[in-house]
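Secondary and tertiary structure notes
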Amino acid sequence: MSEIDLKRFFLEQVRLFENFPADKVEEIVIKSRLATYEGNEAILETGDEGRYIGVVISGHAEVSVTDNTGTRAVITQLGAGDVFGVMSLLTGDRIMADVIAGNRCFVLMIPQEVFNTYILTNPKAVGYLSRLLAERTRAMSTDEVSAAVSRADDPYALSLNTNAPGKVLVLNVGISQIHFGIYDTEESGADVHGIIDHADKQLTRITVMVGPQQKTVEHAPFKLSDLFKVMTEVTALLGDAFTFHPEDVSAIGHRVVHGGNRFSSSVVITSSVIAEIEELSVFAPLHNPVNVAGIRVAMKMFPNVPQVAVFDTAFHQTLAPYAYLYGLPYDLYKQHGIRRYGFHGTSHRYVSLKAAEVLQRPLGELEIVSCHLGIGASLCAIDHGRSVDTTMGMTPADGLIMPSRSGSLDPAVMIHLMEQHKMSPEQLSTLINSESGLKGISGISSDIHEIEKAAADGHHRALLAHKAYCYQVRKNIGAYVAAMGGIDVLAFTGDVGETSAAVRSLACQGLGYMGIKLDEEKNRNLGRIDQFAVISADDSPVTVLVVANDDERLVAWETLRAIERNQLMLAAKAEETPIPVEISAHHVHLSQADVEALFGPGHQLTPEHELSQPGQFACAEKVHLVGPKGRIANVRVLGPTRKETQVEIAMTEQFKLGVQPPIRQSGDLTGTPGVTLEGPYGSTSIERGVICAQRHIHMTPEDALRFHVRDNYIVRVRIEGERQLIFGDVVVRVNPGFHLAMHIDTDEGNAGNIRTGMLGYIEAIQSRH
């Protein structure tokens, strides 16, 4: 088919291009690729990365998914003029369905840069695509989507493979050591790891590894500015195939210890990001300054390579104030930022995604306790994808007993040591970070295996250290099950978590009543794992996992995801669109059965006025909420009725009722508390259904196209007002029946002096679940 024939075909038969001038269609055709597919050949497959949208020129194909039984369900048929592959291209997510040729098909494959330049800038084309996506989304059931996700090779994008060949360089620049990793985006088996130990000022020891091969050399001390030259020199010892070549670097990730409350996700580095990391050095004076030094050297060496800061603290920015505040005067938090921040966030986030992948269940329905047990140790409660509590605090010294760190202490102990033992702040820092924990109690070592060997030989203090360590882990597992109101997955990671069967066994003992049943034989015989292992008993209600940890690889993974999010935002910001902000007061959604229990048999809700979301309305009816402690009178009912009653209150109202609801999306009611509702006819008690609504944005598919997001993305939103505020952890909800609006509750509105009608702007995509 000639270019002239293609242009005529596009103008006459492809609805997507019916409003394009002929010269623009010709440019699209010239810059695209015509491909031929035979019958039953896959054009796109579930799990593929989206690089093109396709337009069927001739022939026919079908869009389909395969369920967990292997049965193929057809979502739609494609004929001449039909379009496919749009959503994946827009969002960077993997393909969610197969596109299979029915007979010989000619398809025009339009690359992403052409799609962004020509199609997304045409409002009528965007409108057509949004309607098309809405139809296909409705045709694809939730079960089919879940099956497609579970069948994909990499449903949560945990691999480092990308379309573009290159190397991801990871730097973890510390005080006495520099850890680095070099990851090939095409060959996963070619990962190079290195440790540069310069604790000895007279001599630097460097170890480099690839697979089972390891080389260790002694090197003269060198300046940080010579780091990349030294990396090339030492990796050459592994052979030509693994030698570091700066020109191969396509992205660089930097591990940064402390991001304070300013960074809720990994970010592409700019000069302002560097300045903020430096300001946060007050919380990590030994770490953030050297992290920044590594960033500056890399920025100078690689000025045109995207670089990302990956924060240990970012994942925990979803903690509620009652979980992160210390029992200190509030002004110390408000004015100086003294609060719990948590660490190991990248590891805990990875564990949660890996758990969802292993169980083949959506992350948003799981309750997970993640145990990162390594040189540092922390537990994290992950409720429906969000960190809701963690054991580490303002610094990594808080929480569990660790190999050489003390963990939680009575603060008066420090005062006592200063007054009675005349210890200086520097001495105290050394004591709690380097001389305590397993090492301090046992008097032997900080190595768990040396402790276990000594304990086996009857060494009393080794036995005591081991028991104290495991007791702390077990106690906090139980605490976090209580905090979430349940548990689906218990996961161990980190050097100790992966290699000590005794620690895992003792951590799980006595927790059978919580549904945690360990298979002792599986646990005892577990050797070195590749990615993960399941060690729970076959009849255990809770899945117990061991997940392989690789700190540098996790930074590389976060780096690629951050760059993808940034690219989406850059594309979306070509036309920055404001989002109206609305304050949502407490309210109730009722089932029809509860309507009749409260207002009488056969009663129908009485619409009083429409709400901003189409089809939703405020009712004349009101109810009273009665909890264990008190009541809230005259709470408005919103219509229409739902399948299950749901009560949405603000955090300040929890105390009045005496309940502690979690922060959840509307409709996500598993593990939530109940309440009694009183009406003029009678009362009803619900066993579950009370939530604090997660701040969210309602969008149509057309809005989602403009913003380059999709349903359940988490974004950061800047709200313009008397003072600029940025809200993180805002969930995107996409539905053809929605109207563009961001909803926050009355507490959030009052705290920020925000009023309905103000405007918000999406600043960044935090995560793409």
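Before reading further, recall that the structure is shown in the block above.
This text gives an overview of the structure that appears in the document. Owing to the predicted nature of the structure, the values given are computational and were not obtained by experimental measurement.

With respect to the overall build of the protein
When helices and strands are tallied, the protein shows 25 helices and 37 strands. Against the compact-globule benchmark of 27 Å for 769 residues, the protein has a radius of gyration of 28 Å, which places it among compact chains. Structurally, the protein occupies a C-alpha span of about 80 × 75 × 55 Å along its principal axes. Every one of the 769 residues in the protein was classed for burial, and the buried ones make up 53%. Looking at the protein alone, contacts between residues at least 24 apart form 67% of all its contacts between residues at least 6 apart.

Things to note about the pattern of salt bridges
Inspection of every chain in the model, using the stated rule, returns 28 salt bridges. Glu279 is the partner of Arg262 in a salt bridge, and the nearest nitrogen-oxygen pair spans 2.7 Å. Of the two residues, Arg262 sits in the loop between strand 14 (249–256) and strand 15 (267–268) while Glu279 sits in helix 8 (residues 271–279), which places them 17 residues apart along the sequence. The exposure class of Glu279 is partly exposed, given its relative accessible area of 48%. Each of Glu367, Asp383, Arg664 and Asp668 takes part in a single network of salt bridges with overlapping partners.

Observations concerning the nonpolar core
Counting residues in each nonpolar core, the largest one holds 41 residues, and the members touching the most others are Val369, Leu373, Leu379, Tyr469, Ile477, Leu490 and Ile516. Of all elements in the fold, only strand 17 (367–373), strand 18 (377–383), helix 17 (460–484), strand 20 (489–493), helix 19 (501–508) and strand 22 (543–547) reach the threshold of two or more residues within this core. Top element by residues in this core is helix 17. It accounts for eight residues. Beyond its immediate chain neighbours, meaning those up to four positions away, Ile516 contacts Ile477, Ile487, Leu490, Cys508, Leu511, Ser540, Val542 and Val544. Leu363, Val489, Trp557 and Ile563 belong to the second largest nonpolar core, which has 31 residues in total.

Concerning the side chain of Ser436
Within the element layout of this structure, Ser436 appears in the loop between helix 14 (425–434) and helix 15 (437–442). Of the residues examined, Ser436 reaches a relative accessible area of 12% and is grouped as buried. Not counting residues up to four positions away in its chain, the partners in contact with Ser436 are Pro403, Ser404, Arg405, Ser406 and Leu431.

Analysis parameters
- Residues numbered from 1 in each chain as written.
- Predicted model: local features only at pLDDT ≥ 70, side-chain atom pairs only at ≥ 80, totals over all residues.
- Heavy atoms only, no water.
- Helix = DSSP H or I, 4+ residues; strand = E, 2+ residues; numbered from the N terminus.
- Rg over C-alpha atoms; globule rule 2.2 N^0.38 Å.
- Buried < 20%, exposed > 50% of the residue type's maximum accessible area, 1.4 Å probe, protein only.
- Contact = heavy atoms within 4.5 Å.
- Salt bridge = Lys/Arg side-chain N within 4 Å of Asp/Glu carboxyl O.
- Core = buried A, V, L, I, M, F, W, Y, C linked by side-chain atoms within 4.5 Å.

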